[in-house]
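Overview (structure and organization)
Each chain is listed here by its residues.
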Amino acid sequence: MTSATAGGTAPVPPARTRKSVTGTRRTVAVLFLLPCLVLLGALVVYPIGYSLIRSFLNQSGDGFAGVDNYKALFTDDGIRTALKNNVIWVVFAPTVATALGLVFAVLTERVRWGTAFKLVVFMPMAISMLAAGIIFRLVYDQDPHKGVANAVWVGVHDTFAESSAFPNAHPGRQSPLRPEKGGFLTRQAVHAGQSVSLPLVGVAPDKMPGGAKKAVQAPSEPGKVTGTAWQDFTRGKGVGRLGQVDPGELGYPGMKIEAVKDGKVVDAAKVRDDGTFTLSDKADGARLRLPASNFREPYNGVDWLGPSLVTPAVIGAYVWMWAGFAMVLIAAGLAGVPRELLEAARVDGANEWQVFRRVTVPLLAPVLAVVLVTLMINVLKVFDLVFIIPPGSSQDDANVLALELYRKGFSEDQPGIASAIAVFLLLLVIPVVWFNVRRLRREVRR
């Protein structure tokens, strides 16, 4: 084929099949992409579209409900609690995990076994959310003998404020003691040279302190007040004499005895292993008091999974898992920081804190943004930990949107509201993703 020109005819080049930038024919490229596009449409586009349509239908799906399902997001108490908890999650969980990751990444550069430490911190990422939930359900157990958190907490507490070994001790029949402000007070004043008997009951034999010895009747001493505080109980019917020390009965070691005159403590002593105690002549004419501290209930730690602390407790489990993820990404970014900039700051007189705050952190800002945004997207859909860790009594207080979606859709048979929650979650994620995309584009332009 030719075309006429002023100087004659010139050949026209044959039409060419258009190719992509990489040289691949577009038809071939589309054929290769088609399976992925089909899967993307079936697994992503279709569920989103169906959820959007279903969110405007009633619960049976055969009638139009308008925006009633979306109104429920802000009127239903369960959903409102879930929304409030999601805000707490988004604000605190990514921030704490990123901050810990930053600290770990910086510190592991300065220790000899940094790689081993990173491995240990990152290891929880290899555990599934389900397994982590079961682990932390045990960690937060209320019983200090089972739960690690309360075992540590009780140990620290008892170091500074030891719990009583006799929380259930109380006077028996015909006792010389009467109740007084959580403790017990003798009915009559005592005098020097007198031996006083302070019988108590109510402590099971297997709950007596290990140092308790067989009780003995304290001998009287001139110028002093002596006495015995013991468990006035002997096993066996008709065995033992009431108000008297019998063989086999144990003393109350460590119990505090106070001598009180006119409302003031004039002397005090602690009961020995055999139940005996001795007060000076200051106790002459005073009444003996067993203060309430002797009968304080043992400290059982914190109710980690109670209504007030359950959300922070679950966030703690999440941070335990994801701080290693943040550390690895930040450590990779830290490896690319020019060392000469850090050295220049030190040469200029900056201390390590100033180098960290004014040089290291600003240079790591892009990496920190990636970690923070990734974790924010992740916590918006957190489900497993909230479903496993809280007990049934406090799961409502730990509720989040993903868990409420599951409840509405499968437990309460309200698919319309469940679809509205799913669309709402998608709308919450979109701004975070959009911010991340914009930041990545700016990085590419640089």
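Residues numbered from 1 in each chain as written. Predicted model: local features only at pLDDT ≥ 70, side-chain atom pairs only at ≥ 80, totals over all residues. Heavy atoms only, no water.

Quick notes on the layout of surface pockets
Threshold: Put simply, the grid is 1 Å and covers the protein atoms alone, a cavity is a trapped set of points that fit a 1.4 Å probe, a pocket is an open set with protein on both sides within 12 Å along at least five of seven lines, and lining residues have an atom within 4 Å of a point. Grid points are joined across faces, edges and corners, and a volume is the space filled by probe spheres set on the points. A run of DSSP states H or I qualifies as a helix once it reaches four residues; a run of E qualifies as a strand once it reaches two. Both are numbered from the N-terminal end.
Here the second largest pocket defines a volume of roughly 250 Å³. Mapped by element, the contributors of at least two residues to the lining of the second largest pocket are helix H3 (77-108), helix H8 (339-347) and helix H9 (352-363).

Examining the sheet that holds strand E3 (residues 177-180)
For the record, the criterion: Here, a strand pair is defined by DSSP locating no fewer than two bridges between the strands. Axis definition: a line fit to C-alpha positions, over the contact stretch in the case of helices; interaxial angles, taken between N-to-C directions, run 0 to 180 degrees.
Across the sheet, five strands lie side by side as E3-E4-E10-E7-E8; this open sheet has antiparallel pairing. Only two strands of the sheet have a single neighbouring strand rather than two, namely E3 and strand E8 (264-270). Strand-to-strand twist in this sheet, taken as the mean axis angle between neighbours without regard to direction, amounts to 30 degrees. Note that strand E4 (residues 183-186) and strand E10 (residues 287-290) share two bridges and pair antiparallel. From the neighbouring strand, Leu185 faces E10, where its bridge partner is Arg289.

A few points about the packing of aromatic side chains
Put simply, the rule reads: Aromatic pairing here means that ring centres of Phe, Tyr or Trp (its six-membered ring) are within 6.5 Å. Orientation follows from the plane angle: under 30 degrees is stacked, over 60 is edge-to-face, and everything else is tilted. Whether a residue is buried, partly exposed or exposed follows from its accessible area with a 1.4 Å probe, protein chains only, as a fraction of its type maximum: under 20%, in between, or over 50%, in that order.
One pass over the full model with this rule turns up 18 aromatic pairs. Judged by centre distance (5.9 Å) and plane angle (85 degrees), the rings of Trp153 and Trp304 are edge-to-face. Of this pair, Trp153 sits in helix H6 (residues 148-160) while Trp304 sits in the loop between E10 and helix H7 (310-335), and the two are 151 residues apart along the sequence. Its relative accessible area of 19% is what places Trp304 among the buried residues.

Topic: the environment of Ile377
Definition in use: Two residues qualify as a contact provided that any one of their heavy atoms is within 4.5 Å of a heavy atom in the partner residue.
With respect to the helices and strands, Ile377 occurs in helix H10 (residues 365-380). Separated by 52 residues in the primary sequence, Ile377 and Val429 place their C-alpha atoms 6.2 Å from one another. Ile377 has contacts with Val429, Val432 and Val433, leaving out every residue within four places of it along the chain.

Considering the packing of H3 against helix H12 (residues 401-411)
Packed helices, taken two at a time, are described by the angle between their axes plus the distance between the axes. Cut-off, in case you're wondering: Convention used here: angles under 35 degrees read as roughly parallel, angles over 145 as roughly antiparallel, angles from 65 to 115 as roughly perpendicular, and any remaining angle as oblique. Gly is put with the polar residues, along with every residue not named as nonpolar or charged; the nonpolar set is Ala, Val, Leu, Ile, Met, Phe, Trp, Tyr, Cys and Pro, and the charged set is Asp, Glu, Lys and Arg.
At a closest axis distance of 8 Å, the pairing of H3 and H12 adopts a crossing angle of 155 degrees. Overall, the two elements H3 and H12 adopt an arrangement that is roughly antiparallel. Contact residues: H3 offers Gly78, Ile79, Ala82, Leu83 and Asn86, while H12 offers Leu401, Glu404 and Lys408. Grouping the constituent residues of the contact of H3 with H12 by class yields four nonpolar, two polar and two charged.

Digging into the side chain of Ser175
To keep it simple, the criterion reads: A 3.5 Å cut-off defines polar contacts: any pair of N or O atoms within that distance qualifies, except that in protein one atom must be a possible hydrogen donor and the other a possible acceptor, and neighbouring residues in sequence count only when both atoms are side-chain atoms.
By the secondary structure assignment, Ser175 is in the loop between H6 and E3. We classify Ser175 as buried; its relative accessible area is 11%. For Ser175, the side chain forms a polar contact with the main-chain nitrogen of Leu177, separated by 3.1 Å. Filtering out sequence-adjacent residues up to four positions away, Ser175 remains in contact with Arg187 and Pro199.

Overview of H3
Applied cut-off: Any helix carries an expected span of 1.5 Å times its number of residues minus one.
If you check H3, its first and last C-alpha atoms are 45 Å apart, about what 32 residues at 1.5 Å a residue would give, namely 46 Å. If you check the start of H3, you find a side-chain oxygen 2.9 Å away from the backbone N of Gly78, and it comes from Asp76.

A look at the packing of H9 against H10
It is the contact of H9 with H10, at a shortest axis distance of 4 Å, that shows an interaxial angle of 60 degrees. Relative to H10, the element H9 is oriented oblique. Contacts between H9 and H10 involve Val361, Pro362 and Leu363 on the former and, on the latter, Ala365, Pro366 and Leu368. Among the residues making up the contact of H9 with H10, the classes are represented as six nonpolar, no polar and no charged.

Some details on unusual backbone geometry
For Lys181, which is not a glycine, the phi torsion comes out positive at approximately 50 degrees. Locating Lys181 in the fold gives a position in the loop between E3 and E4. Unlike most non-glycine residues, Asp262 shows phi in positive territory, near 55 degrees. Residue position: Asp262 is located in the loop between strand E7 (256-261) and E8. Taking relative accessible area as the criterion, Asp262 reaches 81% and is therefore assigned exposed.

Re the sheet that holds strand E5 (residues 195-200)
Strand order across the open sheet formed by three strands is E5-E6-E9, with mixed pairing between neighbours. Either end of the sheet is taken by a strand with one partner, and the two such strands are E5 and strand E9 (276-279). Going from strand to strand, the sheet's axes swing by 20 degrees on average, the running direction of each strand aside. The pairing of E5 with strand E6 (residues 225-231) spans six bridges and is classified as parallel. Across the sheet, residue Leu200 finds its bridge partner in E6, namely Gln231.

Examining the pattern of salt bridges
Cut-off, in case you're wondering: For this analysis, a salt bridge means a side-chain nitrogen from Lys or Arg found within 4 Å of a carboxyl oxygen belonging to Asp or Glu.
Within the structure shown, the criterion is met by 13 salt bridges. In this structure, Arg80 engages Asp77 in a salt bridge whose closest nitrogen and oxygen atoms are separated by 4.0 Å. Residue Arg80 and its partner Asp77 are located together in helix H3, separated by three residues, close to a single helical turn. Of the charged contacts, one joins Arg289 and Glu258 as a salt bridge, the two residues approaching to 2.7 Å between their closest N and O atoms. Of this pair, Arg289 sits in strand E10 while Glu258 sits in strand E7, and the two are 31 residues apart along the sequence. Each member of the pair Arg289 and Glu258 is classed as buried.

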